[in-house]
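A closer look at the structure
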Amino acid sequence: MSEAYVRKELYDSLWLSLTGKPRLIQVVIGPRQVGKTTLALQVLKHWKGPKIYETADQPQTPTAEWVVQRWLKIRKLLKSNQKDGLLILDEVQKIPRWSEVVKKLADEDRNNKTKLRVLLLGSSALLVQRGLTESLAGRFELHRHAQWSFKECRDCFHLGLQDYFLFGGYPGALALRGDPVRWARYIRDTLIETVIGKDVLLMSPVQKPALLRQTFAMACAHPAEILSYQSMIGQLTDAGNTVTIAHYFNLLSAAFLIAPLPRWSGSRLRQRGSSPKVIVRDNSLVNALTFPAMKKLDMTPTWKGRLIENSVGAALTVLAEKEGCELFYWRDRSDEVDFVVRHGMKLIAVEVKSGRSSAYLTGMNAFLRRYPDSESVLISDSKSSLSIRQHSIIDFFSDPKIILEK
C-alpha cells in the first residue's frame, strides 16, 4: 500500500469533527486491517498541538488505570501549550470499564474547559457501542470505516473490477495478491483467525468455538444466499439449536465479518424472525476459505454471479450504514428480489444480473405489484428492454450512492 495514500473522504470527515464544534469524543469503529490506525496516525502527524497516541492491543490487556494515566499525561502537556491537544486511544474496547473512565475524565475536561480532543478506535462494534450507549450517550460522534471500496482499491492499487471480486478490499492483503497461496494464507491466519480467536471471543462467552468457526465457514460457502438456521443445524457438527446459531451470526456481524440481512415484509416482527440472507462483508474472506490453495480458481458462471451479488450486498451494507438506510432482501414463494433499500420514506428494489439475461425480472415485477410506490434498479451489463432504472456493474462499484439518486 502506498504510504502516501489517504482515505480522503474518511480523513476529511474525521478531521472536520475533531477540529470543529461541538467538542465531542470522536469514535472510529471498523474491522481489523482496513487502516483505522493508519488514518489516525495521519491525523496525528498533522496535529499542531500536544498529542499522544497509545494502543491497548497488547499481550496483557491494560486496566482502566492505563486510560487515566494517558489522560493525565496529555493534560500535563496542555498546561504549557495554548493549542488544542489530541489524545488517541486505539482498541479501547479491550479495557474493562473503559467507557466509565472516559466519561468521568471527559466530564472533568468539559467542566474545566480543558482544550482536549479525544479520538477512540475500536474493532468490535458490539463492545464499543455497548460502552457508548451505557456511559457516553450524548458525548460522542461515530465514524464507521469499512473494508476498502472498489474505487479506493483502484486508485491505490490499480485493481481491476474482476480482481476486486476475487481479492477484496483489505489493503495489507492486496500487496500479496501476486502470490495467491500466500495471499489466502494471510487472509485466513492474520485476519479470520485473529478476529474470531481474539475479537469475537472477547465480546461474549462462546461455549463452542469450533462451532463458531464452522458457522463462519458455512456463511463463506454460501455468499449472498438465504440460509435457514434450522437447515444449518443439520449441516453443522454439535450445532445445538437455532438460538445458538443466530447468536453466532450476531457476533460475526459485530466483528464486521458478515451482514445477515432480514427479509422485507413491512412488519418488523416478521423481519426479525426471518431466515437471513448472508452477505460476507468482503469477498477475500469467501475466496480464501473456499479456494484455500488459490493455485487455480475455476469459477462457474453461477459462482461468479454469487461473488458479484455478494460484493453488491457488501457495498450496499456500507452505504446503508453511512446514509442511515436499512437493507433487506425480499422473497415471496418463488419470487425474489436481491436487495431492498429503505431510505426514509423511499423504498428501492435492487436486482443484480451478471452474465445472465435481464429480460425477465419476475421477482422485481412481483415486488412492484405488491409495493407500487417503490422504485426499481437493475445492476447489470446486460441491457434490459424493461422500463427500469439501470446501472452497469462498473458504474455501481465506482459510486454505490447512485442507487439512491433518481
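Above this text you will find the structure in question.
This report concerns the structure included in the present document. (Residues numbered from 1 in each chain as written. Predicted model: local features only at pLDDT ≥ 70, side-chain atom pairs only at ≥ 80, totals over all residues. Heavy atoms only, no water.)

**Here's the deal with the packing of aromatic side chains**
Note the following rule: For Phe, Tyr and Trp, rings pair up if their centres lie within 6.5 Å, where Trp contributes its six-membered ring, and each pair is then called stacked (planes under 30 degrees apart), edge-to-face (over 60) or tilted (otherwise). Numbering of helices and strands runs from the N terminus; a helix is a DSSP stretch of H or I covering at least four residues, while a strand is a stretch of E covering at least two. For the exposure calls, accessible area comes from a 1.4 Å probe over protein chains only, and a residue counts as buried if that area is under 20% of its type's maximum, exposed if over 50%, partly exposed in between.
Taken as a whole and judged by the stated rule, the model has 13 aromatic pairs. Ring geometry for Phe167 versus Trp183: centroids 5.0 Å apart, planes at 90°, classification edge-to-face. Of this pair, Phe167 sits in helix H7 (residues 161-167) while Trp183 is found in helix H9 (residues 180-203), placing the two residues 16 residues apart along the sequence. Of the two residues, Phe167 and Trp183, neither departs from the other in class, the shared state being buried. Aromatic pair Trp330 and Phe367: ring centres 5.3 Å apart, planes at 75°, arrangement edge-to-face. Of this pair, Trp330 sits in strand S9 (residues 326-332) while Phe367 is found in helix H16 (residues 362-370), placing the two residues 37 residues apart along the sequence. Of the two residues, Trp330 and Phe367, both sit in the buried class.

**Digging into unusual backbone geometry**
A cis amide bond links Lys21 to the next residue, Pro22, at an omega of -5°. Residue placement: Pro22 occurs in the loop between helix H1 (8-19) and strand S1 (25-29). Residues other than glycine seldom take positive phi values, yet His158 does so here, at roughly 55°. Positionally, His158 belongs in the loop between helix H6 (150-157) and H7. For Ala224, which is not glycine, the phi dihedral falls at a positive 60°. Relative to the elements of secondary structure, Ala224 occurs in the loop between helix H10 (209-221) and strand S6 (225-226).

**Some remarks on the packing of H10 against helix H12 (residues 242-254)**
Heads up, the condition is: Here the axes come from fitting lines to C-alpha atoms, over the contacting stretch only for helices, and the angles between their N-to-C directions go from 0 to 180 degrees. Roughly parallel means an angle under 35 degrees; roughly antiparallel, over 145; roughly perpendicular, 65 to 115; everything else is oblique. The contact criterion used is simple: two residues touch if any of their non-hydrogen atoms lie within 4.5 Å. In this count, Pro and Cys sit with the nonpolar residues alongside Ala, Val, Leu, Ile, Met, Phe, Trp and Tyr, while Asp, Glu, Lys and Arg are called charged and the others, Gly among them, polar.
Here H10 crosses H12 at 70°, and the two axes come no closer than 10 Å. Here H10 lies roughly perpendicular to H12, going by the angle between them. Contacts from Leu211, Leu212, Thr215 and Phe216 in H10 reach Thr244, Ile245, Tyr248, Phe249 and Leu252 in H12. When the residues that make up the contact of H10 with H12 are grouped by side-chain class, the tally is seven nonpolar, two polar and no charged.

**Describing helix H15 (residues 301-323)**
Each full turn of the α-helix corresponds to 3.6 residues, which orients residues three or four apart in the same direction. Applicable threshold: For a helix, the expected span equals 1.5 Å multiplied by the number of residues minus one.
Taking 1.5 Å per residue as the helical rise, H15 with its 23 residues ought to reach 33 Å, and the 32 Å between its terminal C-alpha atoms agrees with that figure. The first or second residue beyond H15 is Gly324, which carries a positive phi of 75°.

**A short note on the environment of Asn283**
Worth spelling out the cut-off: We define a polar contact as two N or O atoms separated by no more than 3.5 Å, with the added condition that, inside protein, one atom must be a possible hydrogen donor and the other a possible acceptor, whereas residues neighbouring each other in sequence contribute only through side-chain atom pairs.
Among the secondary structure elements, Asn283 is positioned in helix H14 (residues 283-290). The spacing of Asn283 and Tyr164 is 119 residues in sequence and 8.0 Å in space, taken between C-alpha atoms. Residues in contact with Asn283, not counting those within four places in the same chain, are Tyr164, Phe165, Leu166, Leu307, Asn310 and Ser311. Within the local environment of Asn283, its side chain forms a polar contact with the side chain of Ser311, the two groups lying 2.9 Å apart.

**Section: a positive patch on the surface**
Formally: Each patch groups residues whose relative accessible area exceeds 30% and which form no salt bridge, using 9 Å between like charges and 5 Å between nonpolar side chains of Val, Leu, Ile, Met, Phe, Trp and Tyr. Every accessible area reported is derived by Shrake-Rupley at a probe size of 1.4 Å, with residue values counting cover from the shown protein chains alone. The salt bridge definition used is simple: a Lys or Arg side-chain nitrogen within 4 Å of an Asp or Glu carboxyl oxygen. Counting rule applied: Lys, Arg positive; Asp, Glu negative; His and chain ends not counted. Every charge is mapped onto a representative atom, which is NZ of Lys, CZ of Arg, CG of Asp or CD of Glu.
Together, Lys48, Lys51, Lys83 and Lys115 make up a positively charged patch on the protein surface. Structurally, Lys48 is set in the loop between helix H2 (36-46) and strand S2 (51-55). Judged by relative accessible area, which is 70%, Lys48 ranks as exposed.

**What about the pairing of strand S8 (residues 277-280)?**
This is how the line gets drawn: Strands are labelled as partners when DSSP assigns at least two bridges between them.
Side-chain alternation along S8 places Lys277 and Ile279 on one buried face and Val278 and Val280 on a second face that is also buried. Here strand S7 (residues 258-261) pairs with S8 via four bridges, running antiparallel. Residue Ala259 lies in a different strand from S8, and its bridge partner there is Ile279.

**Looking at the side chain of Arg117**
Inspection of the secondary structure puts Arg117 in strand S4 (residues 116-122). For Arg117, a relative accessible area of 6% gives the class buried. Here Leu18 takes part through its backbone oxygen, which lies 3.0 Å from a polar atom of the side chain of Arg117. Within the structure, the side chain of Arg117 is placed 2.7 Å from the backbone oxygen of Gly20, a separation counted as a polar contact.

**Some remarks on H14**
Of all eight residues that make up H14, six are buried, and the element is covered over most of its length. Looking only at H14, the buried set comprises Asn283, Ser284, Leu285, Val286, Asn287 and Ala288. Residues of H14 that are buried make contact with H7, H9, H10, S8 and H15.

As far as function goes, none of this settles anything; it's purely spatial.
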